[in-house]
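# Report on the structure
Listed here are the chains, written in short residue letters.
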Amino acid sequence: TQLLEQSPQFLSIQEGENLTVYCNSSSVFSSLQWYRQEPGEGPVLLVTVVTGGEVKKLKRLTFQFGDARKDSSLHITAAQPGDTGLYLCVRSGGGSEKLVFGKGTKLTVNP
Amino acid sequence: NAGVTQTPKFRILKIGQSMTLQCTQDMNHNYMYWYRQDPGMGLKLIYYSVGAGITDKGEVPNGYNVSRSTTEDFPLRLELAAPSQTSVYFCASRGRISNQPQHFGDGTRLSIL
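Residues numbered from 1 in each chain as written. Chains lettered and ligands numbered in written order. Predicted model: local features only at pLDDT ≥ 70, side-chain atom pairs only at ≥ 80, totals over all residues. Heavy atoms only, no water.

### Focus: the interface of chain A and chain B
Stated precisely, the cut-off is as follows: Every residue pair with non-hydrogen atoms within 4.5 Å of one another is taken to be in contact. Here the quantity called buried area is the accessible surface, traced with a 1.4 Å probe, that two parts lose on coming together, added over both. By the criteria applied, helices consist of DSSP H or I runs no shorter than four residues and strands consist of E runs no shorter than two, each listed in order from the N terminus. Charged residues are taken to be Asp, Glu, Lys and Arg, nonpolar residues to be Ala, Val, Leu, Ile, Met, Phe, Trp, Tyr, Cys and Pro, and polar residues to be all remaining types, Gly included.
Taken residue by residue, the interface counts 25 residues in chain A and 22 residues in chain B. Buried surface at the junction of chain A and chain B, both sides included, amounts to about 1700 Å², of which 56% is carbon and sulfur. Breaking the side of chain A that touches chain B down by element, the ones donating at least two residues are β4 (31-37), β5 (44-49) and β9 (85-92) of chain A. Class assignment of the residues belonging to the side of chain A that touches chain B gives a composition of eight nonpolar, 13 polar and four charged.

### A look at the state of the cysteines
Under the convention used in this document: To count as a disulfide, a pair of cysteine sulfur atoms needs to be within 2.5 Å. Relative accessibility under 20% of the residue-type maximum defines a buried residue, over 50% an exposed one, and the middle range a partly exposed one, all with a 1.4 Å probe and only protein chains included.
Taken as a whole and judged by the stated rule, the model has two disulfides over all chains. In this model cysteine 23 of chain A forms its disulfide with cysteine 89 of chain A; the gap between the sulfur atoms is 1.8 Å. What sets the handedness of the cysteine 23 of chain A and cysteine 89 of chain A disulfide is the S-S torsion sign, and at about -50° it is left-handed. Placement of cysteine 23 of chain A in strand β3 (residues 19-25) and of cysteine 89 of chain A in strand β9 is noted, with a sequence separation of 66 residues between them. Accessibility expressed as a relative area gives 0% for cysteine 23 of chain A, which makes it buried. Put simply, cysteine 23 of chain B and cysteine 91 of chain B are joined by a disulfide, and their sulfur atoms are 1.9 Å apart. With the S-S dihedral at roughly -70°, the linkage between cysteine 23 of chain B and cysteine 91 of chain B falls on the left-handed side. Of the two residues, cysteine 23 of chain B is situated in strand β3 (residues 19-25) and cysteine 91 of chain B in strand β9 (residues 87-94); the sequence distance between them amounts to 68 residues. Comparing cysteine 23 of chain B with cysteine 91 of chain B, the two get one shared label, buried.

### Examining the pairing of strand β1 (residues 4-7) of chain A
Note on strand geometry: in a regular strand, side chains alternate between the two faces of the sheet. Residue and element names in this part refer to chain A. The condition is simple: At least two bridges found by DSSP between two strands are what make those strands a pair.
Residues of β1 alternate between two faces, with Leu4 and Gln6 buried on one and Glu5 and Ser7 left unburied on the opposite face. Where β1 and β3 come together, four bridges link them in antiparallel fashion. Across the sheet, serine 7 pairs through a bridge with tyrosine 22, a residue of β3.

### Considering the sheet that holds strand β7 (residues 64-66) of chain B
Residue and element names in this part refer to chain B. Convention followed: Whenever a helix is involved, its axis is fitted only over the stretch in contact; in every case the axis is a line through C-alpha atoms, and angles between N-to-C directions fall within 0 to 180 degrees.
Strand order in the open sheet formed by four strands is β1-β3-β8-β7, with antiparallel pairing between adjacent strands. Every other strand in the sheet has two partners, leaving β1 (4-7) and β7 as the edge strands with one partner each. Geometrically, the sheet is characterised by an average inter-axis angle of 20° between neighbouring strands, direction not taken into account. Pairing of β1 with β3, which is carried by four bridges, proceeds in the antiparallel orientation. Directly across from threonine 7, in β3, lies its bridge partner glutamine 22.

Put into structure tokens, the structure is as follows:
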């Protein structure tokens, strides 16, 4: 079983603060995806990272893939209430039909 | 563009009843998946299909069955519902390349009492 560890499990912050959440694995990722799940909805893909050291930006969200492709981080700048949701790190690619999900980080941004 | 559509959105069952959760997608995706999500947990794979007529077990298949007679539809059958099957069920689909995004439905919230 290729476990994914996400931290922190829960995070509650005030609007305007910055935050970082982490995803770690003991084995190398072929590729890694980050999804966001809002209450009452299914997960939606935010980004896919493939190359070690890769950095991708999506407005106020910055995604980094570790050089060894065993870890990733998601940094949110100036968080807004609309960022509230469950952020899921997912192992993907490598020709596998299946995704492996972490348990997620539940983020609450208070106005 | 409808994407992935799941029905019903909510359902309450009595122990021992059976039901079918419906899932249909209009993106002509070969790959389809059923997950369950329990409170505070990520998604666990129940069954998946790589194309019409082909299904395979995921991590937690016991108590469930699936079929894939068409590309569009991937129903999930619960036989003899048990309280442990109380969960939120998500159906998803994706295209042929393994790191393409999975597209999820909005889920079915199922309670077994």
